[in-house]
Amino acid sequence: MEKTISLTVNGIDLAFDVTLEAFNTYANEMQPTDKVNPCHNFLMRTVKAEYKDALRELLNQPGVAIELAAAVINDYKPKVTITLGK
């Protein structure tokens, strides 16, 4: 599944091309003691080329990588309903 996600952060437009491979790589890189690097890498891997410089500037601010990755991933993931049987 591939999806282009566009958003605006502090007046700066960004767009990301997210694929299942990029999502899975992000999930596999996530570690209990390392959250920022996987978020940063995911965003840099998926941002459209014309927005890369603007994204780099935003990622220099504390916490932005985590918040931005969460927003992109939440938009990418489909909504699912899970019911456990007994």
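Residues numbered from 1 in each chain as written. Predicted model: local features only at pLDDT ≥ 70, side-chain atom pairs only at ≥ 80, totals over all residues. Heavy atoms only, no water.

A. Focus on the pairing of strand β2 (residues 12–19). As paired elements, strand β1 (residues 2–9) and β2 share eight bridges and run antiparallel to each other. Each bridged residue has a counterpart across the sheet, and for Thr8 the counterpart in β2 is Asp13. Connecting β1 to the next strand, β2, in antiparallel fashion are two residues, including Asn10 with a positive phi near 50 degrees. (Pairing = 2+ DSSP bridges. Helix = DSSP H or I, 4+ residues; strand = E, 2+ residues; numbered from the N terminus.)

B. Representation of the side chain of Thr46. Note that Thr46 resides in helix α2 (residues 36–46). Its relative accessible area of 3% is what places Thr46 among the buried residues. What Thr46 contacts, discounting residues up to four positions off in sequence, is Ala15, Phe16, Asp17, Val18 and Ala22. (Buried < 20%, exposed > 50% of the residue type's maximum accessible area, 1.4 Å probe, protein only. Contact = heavy atoms within 4.5 Å.)

C. Looking closely at the pattern of salt bridges. According to the stated counting rule, one finds four salt bridges in the structure shown. Lys3 is paired through a salt bridge with Asp75; the nearest N and O atoms lie 3.3 Å apart. On the criterion of sequence distance, the pair formed by Lys3 in strand β1 and Asp75 in helix α4 (residues 64–76) is long-range, its members being 72 residues apart. (Salt bridge = Lys/Arg side-chain N within 4 Å of Asp/Glu carboxyl O.)

D. How the structure looks around the packing of α2 against α4. Running from amino to carboxyl end, α2 crosses α4 at an angle of 55 degrees, the nearest separation of the two axes being 9 Å. One finds that α2 runs oblique with respect to α4. Regarding α2 and α4, the two cross each other, and that crossing is left-handed. Between α2, through Val36, Cys39, His40, Phe42 and Leu43, and α4, the contact on the second element is made entirely by Ala65, Ile66, Leu68, Ala69, Val72 and Ile73. Looking at the contact of α2 with α4, its residues break down into 10 nonpolar, one polar and no charged. (Axes fitted to C-alpha atoms, helices over the stretch in contact; angles between N-to-C directions. Parallel < 35°, antiparallel > 145°, perpendicular 65-115°, else oblique. Left-handed = near helix turned anticlockwise from the far one by under 90°. Nonpolar A, V, L, I, M, F, W, Y, C, P; charged D, E, K, R; others polar.)

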